[in-house]
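# Architecture at a glance
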Amino acid sequence: MSPEEIQGIFFVECEESLASAEQGLAACKAGTQDSDTVNAIFRAVHSIKGGAGAFGFEALQAFTHTFETLLSDVRENLVPITPTLIDLLLRALDVLSDHVTAARDGGSPPEDASLIREMEGAMANAQGANAQRANAPVAPEAATHAVTFDEDDMTSDLDLDDLLNDLAGGAPAQDGPSGWKVHLRPHAGAMRNGGEPLLLLRELAALGAVACECDLTSIPALDDFDPHQGYLGWTYLVPNDVSEASVRDIFDFVGDDCPIAIGPEATIPPIQFEPSAAMPAPAPSAPKAVAPAPVAVQAPVAASAAPAPAPAAAPPVAPEAAAASGSASPAAPAPGQSIRIDLVKLDKLIDTVGELVIAQAMLAQRLQNENVQSVEELTLLESLTRDIQESAMSIRAQPIGSVFSRVPRILRELSASTGKHVNLQVFGETTELDKTVIERLGEPLTHLIRNAVDHGIESPEDRLAKGKSPEGTLTLSAEHRSGRILIKIADDGAGINRARVFAKAVEKGIVAPDAVMSKEEIEQLIFAAGFSTAATITNVSGRGVGMDVVRQNVKDLGGRISIESEEGKGTTFILTLPLTLAISDGMIVKVGDQTLVVPLTHVVESLRPEPKDVQGLGSSRQMLNVRGRFIPVVSVAEAVGAYDAVDNPSQGVLIVVDTESAGQAALLVDNIWDQRQFVIKSLDTHYRNVDGVAGATILGDGRVALILNVDTLVQGAVSAGFGLEAA
């Protein structure tokens, strides 16, 4: 693995650590301030610090060191957890996130001097307690592992002293000091994925510990030397004023890959070898005892104040058991284990699965053309193909919580700029959807949240005057519904003032002053380009860009956005998005000489109308009576330019579809051929953008069929008069 790949893994882990710390601080703010929560925050920051030092990100490491020190004092109860401290920690986490972004993108580190001074000021109260702890006598329980450093513990080899001094980053201990000992030996696992045990020794030396012994007995001859193994072990003398928990925190990052032993009877842990190319694993039949190798996925190791016993020697393995284990199949991976996969490989897998879906459809079409009746094997193949497709898509699926996790920081920034305090409620954060959709969802979601806080939620004074809580509430929710994902952004603010929106639209020249519009149509005006009701331009809003971008981004994702608003009570934006952008379900329809695909996510129902169900409206429009409600009939043939298509609704099939901007409409097609999965191919990549067309797919007979963009097609047809002559 190259250094660049290892560094990429580090930044992925940074994102996970930042999310974990954000979650922990949110729990602290909500009142959950137990030791487990604080320890989780500390470990997340500590992990980032360790990697920053390994890759030489000095600014990131320096800031994280101060952050980590403050968290260490918090979890040792030297700094009390207060709302002011939680606010400071949240701001520090925001700056830490900026540091990580700057390190990843090669940008300039953020300004952090003032925040570092704030954190150091918060630790000022802990300095006196630290001084008292340093001068206090050793507690009885601590005395159980305190030992006297005598001359027998020193080696007389001058060259070894120099080696120890270089490795530990400190000077050899002088005669006479007292303290307690830590014995450690990094195994091969501590050097996996770019790990550097030397950094652990330097952190230990930074606490004042001094190396007093180094075990060189396990170093093999040069011909047998494996650079991937760990041969050296150390004994460090730690000052009495350093707590055992502080030492164990250093090794939380590597866990069992670098075991430590503490206590008067403890010794340097025994060496453990891992099979490698340079050192083949022993034959299964050998009865020699071998310590188990560490697993590939490391479980978190909780810090403990109790002294850790020295690792016990591995029990001998019976020859029969060894032979059996050599022939046995490998055990199934433990729950929770995972591996990191390059996204390019996942995209290749998805593309291959898409081709498999097309090949399966071609095979079914070929058998149908040969008049082959239903074959059991073909049904099984279709079922397996769908299972493979769903499994492949689930690999790319990620919880939407990764998008929702950015919202608290956005709200903190908006609170500072607007003076409005907002409580966040999140539901359905474990709902999964395709990674591509998640990546492109961040920008529209940010715009909607900024709009909700700036325009929707009133100021604390206005809310109190209306009998509301001074703090607003923003609710985010996500759920699966009918093969789509439904995301709601709701606020309990003033709602949409439709009269003001209409007046502003008239002022901007968007609508005519005498226009007659429904409530829903007026609400949709906020998505018009250049529209804004803000009285003044700020860094939050007022320039008329944002909501039109939201609508376009959602459309680009194949989704729709709708509004539910009640004046005085709040507004809810509802985003309806596909679970994936690669494979979907649709109706294959015949329209004259064209074969087209209607995405199933837009379809409400299909029907063959009676002549009395279709009524004329004007000279060129027709309306379909659907259970007492009239909706426009749109000729697909007219919209796409198909020849020899049915023009009488009573002789064709009407597909009732739901659109974002034009409501429901009935698409007139000749007939419906099939309903099946289709693989979406972008026209922008292979040709160019075409109005009314969302993409293309390959049918089972090898022909290319266009996928209709139902929203654009219906909106264009309605604006042009439905494109259908009255009967």
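Note that the structure is a prediction, hence the values are computed from the model and not measured.

For the rest of this paragraph, the subject is the packing of helix α16 (residues 435-456) against helix α20 (residues 547-556). Any two packed helices are characterised by the angle at which their axes cross and by the distance between the axes. Contact pair α16 / α20: the axes reach a minimum separation of 9 Å and the direction vectors enclose 150°. Relative to α20, the element α16 lies roughly antiparallel. Crossing of α16 over α20 shows left-handed handedness. Counting all contacts with α16, which are made through Arg440, Glu443, Pro444, His447, Leu448 and Asn451, the residues of α20 involved are Met547, Val549, Val550, Asn553, Val554 and Asp556. Across the contact of α16 with α20, the residue classes tally to six nonpolar, three polar and three charged.

What follows concerns the pairing of strand β3 (residues 210-215). Counting buried positions along β3 yields five of six residues, so the element is predominantly enclosed. Examined bridge by bridge, β3 and strand β4 (residues 233-238) share five bridges and lie antiparallel to one another. The residue bridging alanine 211 from the neighbouring strand is tyrosine 236, located in β4.

Attention shifts here to unusual backbone geometry. Non-glycine residue arginine 627 carries a positive phi angle of around 55°. By secondary structure assignment, the location of arginine 627 is in the loop between β17 (621-626) and β18 (629-635). Exposure remark for arginine 627: the relative accessible area of 68% places this residue in the exposed category.

This paragraph deals with the confidence of the model for the chain. Per-residue confidence for the chain gives a mean pLDDT of 76; residues scoring 70 or more make up 77%. Ranking the helices and strands of the chain by mean pLDDT puts strand β7 (residues 422-427) first, with 91, and strand β1 (residues 146-148) last, with 36. For the stretch residues 138-176, pLDDT sits under 50, and the model shows 55 contacts to residues farther than four places along the chain or on other chains. Segment residues 276-335 is flagged for pLDDT under 50; beyond a separation of four residues in sequence, or across chains, it makes 60 contacts in the model.

What follows is about helix α13 (residues 376-396). The end-to-end C-alpha distance of α13 is 31 Å, a good match for the 30 Å that 21 residues give at a rise of 1.5 Å each. All of the buried residues in α13 are Leu378, Thr385, Gln389, Ala392, Met393 and Arg396. The buried residues of α13 all sit within an arc of 95° when viewed along its axis, so they share a single face. The outward face of α13, more than 90 degrees from its buried face, is lined by the exposed residues Glu376, Glu377 and Leu380. Of the surrounding elements, those touching the buried residues of α13 are α12 (343-369), β6 (397-399), β8 (432-434), α16, β13 (583-591) and β21 (671-679).

Rules behind the numbers
- Residues numbered from 1 in each chain as written.
- Predicted model: local features only at pLDDT ≥ 70, side-chain atom pairs only at ≥ 80, totals over all residues.
- Heavy atoms only, no water.
- Axes fitted to C-alpha atoms, helices over the stretch in contact; angles between N-to-C directions.
- Helix = DSSP H or I, 4+ residues; strand = E, 2+ residues; numbered from the N terminus.
- Parallel < 35°, antiparallel > 145°, perpendicular 65-115°, else oblique.
- Left-handed = near helix turned anticlockwise from the far one by under 90°.
- Contact = heavy atoms within 4.5 Å.
- Nonpolar A, V, L, I, M, F, W, Y, C, P; charged D, E, K, R; others polar.
- Buried < 20%, exposed > 50% of the residue type's maximum accessible area, 1.4 Å probe, protein only.
- Pairing = 2+ DSSP bridges.
- pLDDT = per-residue confidence, 0-100.
- Expected span 1.5 Å × (residues − 1).
- Arc of directions from axis to C-beta.

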